[in-house]
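Below, each chain spelled out in residue letters.
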Amino acid sequence: MSKFTSFLVGTVVGCAAGFVAGSLLISDEKIDSLKKKVKDNNTVQDLKKKYDNGTEVVKNQLSAFSKNVEDDSELKDFDDIVIDDSKDDKLSANDNAEKSVSDIDNAEKETNSSSAPYPNL
């Protein structure tokens, strides 16, 4: 058997054995008395109230956000990128890469013509 199968079988057998052992060792009266102690414990009830209030605050804050994305300018930037997978038999790989770099450079110059030019690096 593989390690994953052994792990899975061991997990199932261990859970079943723990469940059987737990149900045999702990009586229903003990479980009921423990539930009653938890219900009557003021500290636990205060923690439960704080937890419930905290989750309500988080739910209200999350509901305040709009579900629709209004500003998708970054997504539009990615839509402008075009990948050309066409094969150009006349050009070698280096020539094709140089052509792509020059095309990108020219495209950047066209889009940035209205803004200040970048310094030469």
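Just so it is clear, the structure is predicted and the values come from calculations on it, not from any experiment.

Peer 1: Got a minute to help me understand the overall build of the protein in this structure?
Peer 2: Helix and strand counts for the protein come out as five helices and zero strands. In sequence order, the protein lays out its α and β elements as α-α-α-α-α. The buried share of the protein, taken over its 121 residues, is 0%. Working note: accessible area of the protein is about 11,900 Å², and carbon and sulfur atoms make up 59% of it.

Peer 1: How do you make sense of a nonpolar patch on the surface when you look at a structure like this?
Peer 2: On the surface, a cluster of nonpolar side chains totalling about 670 Å² of accessible area is made up of Phe19, Val20, Leu24, Leu25, Ile26 and Ile31. Mapped onto the secondary structure, Leu25 falls in helix α1 (residues 3-25). You can call Leu25 exposed: its relative accessible area is 69%.

Peer 1: How should I be thinking about the pattern of salt bridges in this particular structure?
Peer 2: A pair can form between side chains of opposite charge whenever their charged atoms are brought close. Summed over the entire model, instances satisfying the criterion amount to two salt bridges. Measuring nitrogen to oxygen at the nearest pair gives 4.0 Å for the salt bridge that ties Lys59 to Glu56. Of this pair, Lys59 and Glu56 both sit in helix α3 (residues 42-64), separated by three residues, roughly a single helical turn.

Peer 1: So what exactly am I meant to see when it comes to the confidence of the model for the protein here?
Peer 2: In low-pLDDT regions, the fine details of the predicted coordinates are not to be read closely. Put simply, the protein has an average pLDDT of 76, and 64% of its residues get 70 or more. The weakest mean pLDDT in the protein belongs to helix α4 (residues 73-79) at 57; the strongest belongs to α1 at 89.

Reading guide: rules and limits
- Residues numbered from 1 in each chain as written.
- Predicted model: local features only at pLDDT ≥ 70, side-chain atom pairs only at ≥ 80, totals over all residues.
- Heavy atoms only, no water.
- Helix = DSSP H or I, 4+ residues; strand = E, 2+ residues; numbered from the N terminus.
- Buried < 20%, exposed > 50% of the residue type's maximum accessible area, 1.4 Å probe, protein only.
- Areas by Shrake-Rupley, 256 points an atom, 1.4 Å probe, with all protein chains shown as cover.
- Patch = residues over 30% accessible without salt bridge, like charges linked within 9 Å, V, L, I, M, F, W, Y side chains within 5 Å.
- Salt bridge = Lys/Arg side-chain N within 4 Å of Asp/Glu carboxyl O.
- pLDDT = per-residue confidence, 0-100.

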